[in-house]
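# A closer look at the structure
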Amino acid sequence: MTFSWSRPITKIRKLALLSSLGVGLIASTLAGEAANAKTFRFAFQGELKAVDIYALKESFSLGVLSNVYEGLVRRNAEMKLEPALAERWETIDPLRWRFYLRKGVKFHNGEDFTADDVLFSVDRIRTPGSDLKANLPADLVAVKVDDYTVDFVLKTPNPLLIAEWETFSIFSRKWAVANGATEATSASATTPPYAALHANGTGPFIIVSHEPGVKTVFKANPNWWDKPKHNLDEVIFTPVTSSATRVAALLSGEVDWIDPVPVADIPRVESNPGTMVAAGPELRTIYLSFDQMRPELTGSNVKGKNPFKDVRVRKAFYQAIDVETIKTKVMRNLATPSPVMIAPALFSKYNDFKRFPYDPEASKKLLAEAGYPQGFEVTLDCPNDRYVNDEAICQAVVGMLARVGVKINLLAQTKSKYFAKILASGGYDTSFYLLGWTPATLENYNVFSNLMMCRDEKGKGSPTNLGGYCNPKMDDLVNKALVEPDPAKQEAMYAEAYKIALFDDVGYIPLHQQALAWGMSKKIKVPQRPDNYFIFAWVNKE
Amino acid sequence: MLAFILRRLGSAAIVLIFVGVLAFILFRYVGDPVNQMVGIDTSIADRDRLRESLGLNDSVIVQALRFLGHAAMFDFGVSYQFKRPVAELLIERMPATLELSLISALLSLVIGIPMGVASALGKDRWYAKLLQAVSLAGISLPTFLIGILFIYLFSVTLRWFPSFGRGDTVKLGTYWTTGLLTSSGLRALILPAMTLALFQMTLIMRLVRSEMLEVLRSDHIRFARARGLPARSINFRHALKNSLVPVITVAGLQLGSVIAFATITETVFQWPGMGLLFLQSVQNVDVPIMAAYLLFVAAMFVAINLVVDILYLAVDPRLKTTSKAH
């Protein structure tokens, strides 16, 4: 077949040439309309779902929305509380806190902020759809003294009252009433909830548009009561789920900030001339713990007894795990091995503690003493998309424990399956698990009361104490520490409690605090808050 | 004819009900939606209240029937995550997916057919072999890999096209948003459309090639050649035309899978379409979205098949007689 095919080919060539020319043209014309210098673009792995700040207690959503909504108090870059919508406050007596509200503050729609809005917000945060109910004690009553003074009356003294009040955001009563948004957005609502798509706060940024899961546009609030620390006109947020795409978007300059940068991509972002990685300590502590409650483990070959009820077995596990190797090999140094269950920034006596040394020989000896010279089998529950390199950490643990004869069956699952199994709703169905925790109140009591104090089968007590570790002596100490007025004495009491739970009883194996890894354009300056709240009201762009 | 269509519609309804129930029951095993809706320190009492208000305590069968009952009235419930009606979310995301799929279907035809013709006509030449090799890559490389390669080449290195998103969009009417009318929208479309088109393109190229080779061997082409018709007229007027019938059938049927399987491309390019919404809802155990999307995809396939069947009936008289014989 030798007849002419040259024509179609030249045609194709022409076509290819033309189309690539066209492509080049489009590309070059569009490069010209480069971004306005004062628009800040950022991408996160997850979406901003509803813009109703009460709808979800998750740090990304709370952090972004606290640029729009403000509380009576707020936290600065060092995590210290400072006045926001309240100019100052005092405790008239331990059961009555008085807040003096800032005058002249306006909501984004121009309404004045007054005591009525605070009272309304107290009611709203307690509506069924709210996920922030725990920010206020259930028995707290708010009393209006005058238009700019509000008293909060308690039934029992609570020194941690305002610890989570940064996100106890103030909604406008008039706006909420006018738009049918008096209740926090709930998924079981039958009418399209207004507050899920519209926001009206007092904060430095105003939401211009919100397309859930696609794009959210903010503009600077020109009438903000405080002096702005940012120099932005506009902020555009896009969720980018795929890590490779997110990194590519940063490298190509389409976005100015991404979170997180996958550990493996850090060198690439660092070596690119216009971008850098801002790594800093995060407050979340990653730890392992055991079922210490059931008479027999659900996921083990040991029958008729629970090996984890023996402190020697727990200590043997502890000493078999080499956290330094996890830090250097798995986390590529983006982790701080931790002796306790709280981050150093939140606990003054952190440095008084030292982890048990890594010692496989000692570990084997302990196992033999406990009656398991050949080790035993147990299932480790692990998420694979929740914490930085979570599954890889678990795999490392599997290998390390194998060296002392313990056979671990790793069950690494996506977070929805994982949490469904291990939390109270799944009947605490775990024998050995990895979990991470950031205390929402940023102090020790939260760690004890959620993770370490006694609970019953239903979860009454410390609901997230999955393994059911229980030492009433420690509980007493923690309860006393909560109401101790002298901070130094209080810290000493918490230190004693950690000593009991982590060193005498070895109820938990704290591993490390993971590091934050933000990918940033070098044109951006922004302080990094260790709770990973992203406050773009602090961003400065060249 | 009418009886045939009615019969097909009846079986379509059964398929949809089956898919709906199956989807709904499967999703019960994806995980606990409540864990994804609240923070980890939300109290057990609050979780229970939420579970009760969502009807998650009812038996799976009751939930599935309730879902189907509502779905029959085009009420797909409220998304657990976005707290908005699912129908609204799907309609919002639909234009992005349809534009992407239609453009890539078009691309795969416009590029795939000439590629097929070229490789058939010059079947032993180097460029035909090159095209064959390229088509092998197109068929065997997974979409997400191609997408990432494109992003690194055209977005990061050359900086020609954006790596994610849909660019600026223009609203047409109440429901439709289009990215085809803005320059940033067009730029954003190119990489994902190419990625999605690549598989179809190579499929069409291979199909055109084999059909062309077949037709070129047939008698009427030999006669045409013997009559001394110019090669161009033989190749394009006679041979290509005769090769295109099966190509169009396949391309039409493939359109359904392009729409349904745009999911991966949408995820790689963060293209805000229904597929992305679906994948995100799987991660978040957002059962109402998952179920509604699957129903939508099933309905689409059923509709496309129905149209194809009817067309066949109109085109091929042999089918008419058999349908009468029933």
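Residues numbered from 1 in each chain as written. Chains lettered and ligands numbered in written order. Predicted model: local features only at pLDDT ≥ 70, side-chain atom pairs only at ≥ 80, totals over all residues. Heavy atoms only, no water.

Further remarks concern the overall build of chain A. Along its length, chain A carries 14 helices and 19 strands. A globule of 542 residues ought to have a C-alpha radius of gyration of about 24 Å, and chain A, at 27 Å, matches this closely. In terms of principal-axis extent, the alpha carbons of chain A reach across some 90 × 85 × 45 Å. Looking at chain A residue by residue over its 542 residues, the buried ones come to 58%. Relative to all contacts within chain A whose residues are 6 or more apart in sequence, the contacts with residues 24 or more apart total 69%. Of the roughly 21,300 Å² that chain A leaves accessible, carbon and sulfur atoms contribute 54%. For chain A, the distance from the average position of its 64 positive side-chain charges to the average position of its 61 negative side-chain charges is 5 Å. (Helix = DSSP H or I, 4+ residues; strand = E, 2+ residues; numbered from the N terminus. Rg over C-alpha atoms; globule rule 2.2 N^0.38 Å. Buried < 20%, exposed > 50% of the residue type's maximum accessible area, 1.4 Å probe, protein only. Contact = heavy atoms within 4.5 Å. Areas by Shrake-Rupley, 256 points an atom, 1.4 Å probe, with all protein chains shown as cover. Lys, Arg positive; Asp, Glu negative; His and termini not counted. Charge placed at Lys NZ, Arg CZ, Asp CG, Glu CD.)

The subject of this paragraph is the interface of chain B and chain A. Counting residues at the interface gives 64 residues for chain B, matched by 65 residues for chain A. Summing the contributions of chain B and of chain A, the shared interface buries around 5,600 Å²; its carbon and sulfur component is 63%. Contact with chain A buries area across many residues of chain B, yet I40(B), K83(B) and F164(B) alone supply 12% of it, more than any other trio. Where chain B packs against chain A, one counts one salt bridge. As a salt-bridge pair, K133(A) and D46(B) come within 3.4 Å of each other at their nearest N and O atoms. For the pair chain B and chain A, the interface holds ten residue pairs in polar contact (both at pLDDT 80 or more). Here the side of chain B that touches chain A gets six residues from one element, more than from any other, and that element is helix α3 (residues 44-53) of chain B. (Buried area = accessible area lost by both parts, 1.4 Å probe. Salt bridge = Lys/Arg side-chain N within 4 Å of Asp/Glu carboxyl O. Polar contact = N/O pair within 3.5 Å; in protein donor to acceptor, adjacent residues only side chain to side chain.)

This brings us to unusual backbone geometry. For the bond from D259(A) to P260(A), the omega torsion is -10°, close enough to zero to count as cis. Counting through the fold element by element, P260(A) comes out in the loop between β11 (257-259) and α6 (266-271). With a phi angle near 45°, V506(A) is a residue other than glycine that sits in the positive phi range. Mapped onto the elements, V506(A) comes out in the loop between α14 (487-504) and β17 (508-521). Positioned with a positive phi, Q270(B) is a non-glycine residue whose angle comes to about 50°.

Residues and elements named next belong to chain A. By the definition in use, this model includes 26 salt bridges over all chains. Note that K106 and D112 form a salt bridge whose closest N and O atoms lie 2.6 Å from each other. Given a relative accessible area of 42%, D112 falls into the partly exposed group. The partner of D531 in a salt bridge is R529, and the shortest N-O contact between them spans 2.8 Å. In this structure R529 comes out as buried when scored by relative accessible area, which is 0%. When salt bridges with common partners are traced through the structure, they connect R74, E82 and D226 into a single cluster.

Another aspect to go through is the confidence of the model for chain A. For chain A, mean pLDDT is 89; residues scoring 70 or higher make up 92% of the total. This stretch, residues 1-35 of chain A, has a pLDDT under 50; its non-local contacts, to residues over four places away or in other chains, come to 27 contacts. (pLDDT = per-residue confidence, 0-100.)

Residues and elements named next belong to chain A. Topologically, E282 is positioned in strand β12 (residues 275-290). Polar side-chain contacts of E282 include one of 2.9 Å to the side chain of Q514. The contacts of E282, once residues within four sequence positions are left out, are A343, Q513, Q514, A515, L516, P530 and N532.

On to the packing of helix α5 (residues 243-251) of chain A against helix α7 (residues 143-157) of chain B. The contact between α5(A) and α7(B) brings their axes to 10 Å, and the two run at 5°. Classed by the angle they form, the pair α5(A) and α7(B) counts as roughly parallel. Residues A244(A), T245(A), V247(A), A248(A) and L251(A) of α5(A) form the contact with α7(B), whose own contacting residues are I148(B), I151(B), Y152(B) and V156(B). A per-class count over the contact of α5(A) with α7(B) returns eight nonpolar, one polar and no charged. (Axes fitted to C-alpha atoms, helices over the stretch in contact; angles between N-to-C directions. Parallel < 35°, antiparallel > 145°, perpendicular 65-115°, else oblique. Nonpolar A, V, L, I, M, F, W, Y, C, P; charged D, E, K, R; others polar.)

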